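# Remarks on the overall topology
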Amino acid sequence: MKTEHPQTIRLADYQEPAFLVDSVDLVFDLEPTSTRVVCAAIYRANGDQDTLVLDGENLTLLSIALDGRTLDDSEYTVSGDTLTLTNLPDMFELVVETEIDPKGNTHLSGLYQSSGNYCTQCEAQGFRRITYFQDRPDVMTRYTVTIIADKDACPVMLSNGNLVEQSEEEDGKHLCVWEDPFPKPSYLFALVAGDLACVEDTFTTKSGKNVDLRIFVEHGNEDRCDWAMESLKASMKWDEDRFDLEYDLDLYNIVAVSDFNMGAMENKSLNVFNTKYVLAKSDTATDQDYAGVEAVIAHEYFHNWTGNRVTCRDWFQLSLKEGLTVFRDQEFSSDMRSRPTERISNVKILRAAQFPEDGGPLAHPVRPDSYIAIDNFYTATVYNKGSEVIRMMHTLLGEENFQKGMKLYFERHDGEAVTCDDFASAMMDASGIDLNQFKLWYSQAGTPEVTADWSYEREAKQFSLTLSQHLAPTPGQAGKEVMHMPIAIGLVGQDGKDLHSEVLSLKEAKQTFIFEGIAEEPVLSLNRGFSAPIRLKAPYTQDQLAFLMANDSDEFARWEAAQTYATDLLLSMIATLQKEKTITQDSRFIEALKTTLNDPALDPDYIALSLQLPTEGYLAEQMDVVDVDAIHQAREILRLFIARDLKDDLLAKFRDLRSDSPYSPDAKSAGERALKNICLAYLGELNDPAFLALITAQYHNANNMTDRMAALSILANTDVPVRAEVLENFYTRFKDDPLVVDKWLSVQAMSCLPKTLKTVKKLMKHEAFSIKNPNKVRSLIGVFCHANQLHYHAVDGNGYIFHADRILELDKINPQIAARMIAPLGKWRRFDKARQKLMKEQLKRIIATEGLSNDAYEMATKSLGK
Ligand code: B3K
Ligand code: ZN
């Protein structure tokens, strides 16, 4: 049990920093276990306070000097994670010398080593693990960084900005100096040093400036950087075209490391990336990996303006940069690929990750009010719902006004650290549109539920629609105010054409909209494009859903109609199974799928998405008491029905799309592969030896990882002798390739076959696994606990025990990763009494553990509902 409760930080307590910093001069003398850091900073009072509190964590303080005079111990106080100086003059220079241990830093926050190379991760609060500083985003200053290191071990030495000096030193060392002309917060500081290979290119900005682009990777990976480089250039061009934003330095560096807590980090001109989002070549990366690289490269690049040039005043404003930058990267992907399929994929992610968060014990507003560990708030709510909030503003304002708002935002705030309110004000002032009620999306947690009801009066040619909204209480927010939401609708005529379409502004608890002159009874298409991130309750008949599936001009709404239909069907199948009755087949739904499958007007990627049934997790979300076994069984049965009924169509489509041409990662080819592989997966359900042979042949003969992995996933879920053979073949083939080994771990952790937990435990002991590497942890433990609903929630409770054991093991190594894994246990309220008890027991066990980190403490106590 934690003896003292960690402190809660509140937005309401925000105070400006006591001192501002005019400049920072850092010197790093790099040694694996004893790196010396000298930080010389010029401080200037920001008001009348004379006390300065610096943050510092895990540092050995060697010396501290004020205006050239070394202070003795009595002249400052080091307590916990702070160093306090009092009676300070208005302006002074402070030189702090500390020692740190990069090699022993398993938290992967601050300065650490990955494969022997030095790298940093400072967001959110890693800089304090490097030196004593006011480690908060509203302290922005210019950095000069000197790096001294062994020439052989670290031929490459990088930091932010421009390289201004290089020299040889004694004892086989060399030195370089980097200067960043742009003031930045400490979380954007970065340093990299090591023996890395470099891939280079250039980009000419629209005003004619040449920018050197460099991607640094471990030797041997140079041939996997082309796609990342192409994506970077495409992002730079797109930001100029769509947002009129140009790059502001002559150099842009990206470094790929294998040990990284998240996807990537937007440090000014020196992005550090997880290798997963840089390295891609056709025989090791899937189409999904390619899309991921493209999106993350773009996301980090876009942060240069939305995050770096204008940053956050405090961490409660995290969505100011993250929500906006996710919106920008989603728009980029929509423009580069297919807009409807991009939207569908984003909504699927929102529903899979954010809706459960919003409906559970970890619910928090897009702009949270309080936190214990800020690293716990890099959530789907801050990122993905945050992006939905920006998207709704875009819908309410339109592209032109939205761009005016962006322009005003940069005019007002370039070089500043600001708030979400500042962003909304720029949008309001530029457009003249009132967003005051709308801003509740920032402060109120929870997913609004909108209930729709409608009627048509033939005589009066009048269609009327009543929408009511409800927002359930969430932790810390008992009462809620009425929200403003844009609801895009269409009234679809019998010929499939819109009789009317419009974006409604729902601003009241219950509001009726009347549409005049509607000549025939329309079918209502609601919340087109998912214009508001809500749960919709609408009294659709199966006839109407089938009509929308076939006719709605909004492709998102067509897909949504199919999902709603499939969800209704599966939920009734689940209910039938629970009553131990026999399931009868609904041929109507399968007929509608057949029409979609064979519609020549539809893109293959869209058809592929339409053929995917709602996930087990999504179905669980729709049930009052989750029944993991019935969900799995119902879904399997429906898949089998589809496979049996559409066997010929699926096989024809599979053959039609099979191609021997060389791999290309473009969206069209990827869509064709997606559809081909989903057809193959359905055929796999039939347990027909001929299809099994087809799948095995695809595994062996594939000329790309997408096809090979698709075949492997089917086999990993099929109880056949060839399963073990291909899994072994895969490992032997790719065992020297960490990112591919991650796939091998995941595909086994995801398997619905019995004994999966046993396999996962065995794999933890395999040479391929390391608990210190976040990618390995996510691929094996993360996938099992977060994505394998069937086995994780096994009624014997062994999944939960395994999970809690791993959290406790990880908490000692890397608290951020441990804390991020806890969420599935917080879903206990959604399960039957027996499982509730088992899950709560594990949460209690975690909380009662001596020496638990603040990160894990916050997630576990909130999950338990304290
Ligand atoms: N800003 C980083 C995330 C940092 C996470 C710190 N725990 C990556 C991104 O969103 O671009
Ligand atoms: Zn980001």
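Residues numbered from 1 in each chain as written. Chains lettered and ligands numbered in written order. Predicted model: local features only at pLDDT ≥ 70, side-chain atom pairs only at ≥ 80, totals over all residues. Heavy atoms only, no water.

Now for the domain arrangement of the chain. What the domain assignment reports for the chain is domain 1 (19-286) and domain 2 (735-866). Centre-to-centre, using C-alpha coordinates, domain 1 lies 32 Å away from domain 2. Contact with domain 1, which involves 16 residues of that partner, is made by 14 residues of domain 2. Taken together, both faces of the contact between domain 1 and domain 2 bury some 1,200 Å²; the carbon and sulfur share is 42%. When the buried area of domain 1 at its contact with domain 2 is split by residue, Thr106, His107 and Asn261 rank highest and sum to 39% of it. (Domains from an automatic or database assignment. Contact = heavy atoms within 4.5 Å. Buried area = accessible area lost by both parts, 1.4 Å probe.)

Moving on: empty space enclosed by the protein. The full count for this structure, using the stated rule, is 4 cavities of 30 Å³ or more. Of the voids in this model, the largest cavity is the one considered here, and its volume is about 50 Å³. Considering the residues around the largest cavity, the lining is formed by Gly684, Asn687, Asp688, Phe691, Leu692, Ile695, Ile714, Leu715 and Thr718. Elements with a minimum of two residues in the lining of the largest cavity: α16 (689-701) and α17 (705-716). The leading source of residues in the lining of the largest cavity is α16, at 3 residues. Looking at the lining of the largest cavity residue by residue, the classes come out as 5 nonpolar, 3 polar and 1 charged. (1 Å grid on protein atoms, 1.4 Å probe; cavity = no way out; pocket = protein on both sides within 12 Å on 5 of 7 lines; lining within 4 Å. Points joined across faces, edges and corners; volume = space filled by probe spheres on them. Helix = DSSP H or I, 4+ residues; strand = E, 2+ residues; numbered from the N terminus. Nonpolar A, V, L, I, M, F, W, Y, C, P; charged D, E, K, R; others polar.)

Locating Ser505 in the fold gives a position in strand β28 (residues 498-506). Measuring from C-alpha to C-alpha, the distance between Ser505 and Glu31 comes to 60 Å, with 474 residues separating the pair along the chain. Each residue touching Ser505, except ones within four places of it in the same chain, is listed here: Leu396, His484, Met485, Gln511 and Phe513.

What follows deals with the side chain of Ser387. Tracing the chain through its elements places Ser387 in helix α5 (residues 380-413). Non-local contacts of Ser387, meaning those with residues more than four positions away in its chain, are made with Gly323, Val326, Phe327 and Gln330.

Glancing now at unusual backbone geometry. With glycine set apart, most residues show a phi of negative sign, and most peptide bonds adopt trans. Of note, the amide linkage connecting Glu123 to Ala124 takes the cis form, showing an omega dihedral of 0°. Inspection of the secondary structure puts Ala124 in the loop between β11 (117-121) and β12 (141-150). The phi angle at Asn58 is positive, at roughly 60°, despite the residue not being glycine. Looking at where Asn58 falls in the secondary structure, it is placed in the loop between β4 (52-55) and β5 (60-66). Although it is not a glycine, Asn687 adopts a positive phi angle of roughly 50°. Along the chain, Asn687 falls in the loop between α15 (667-684) and α16.

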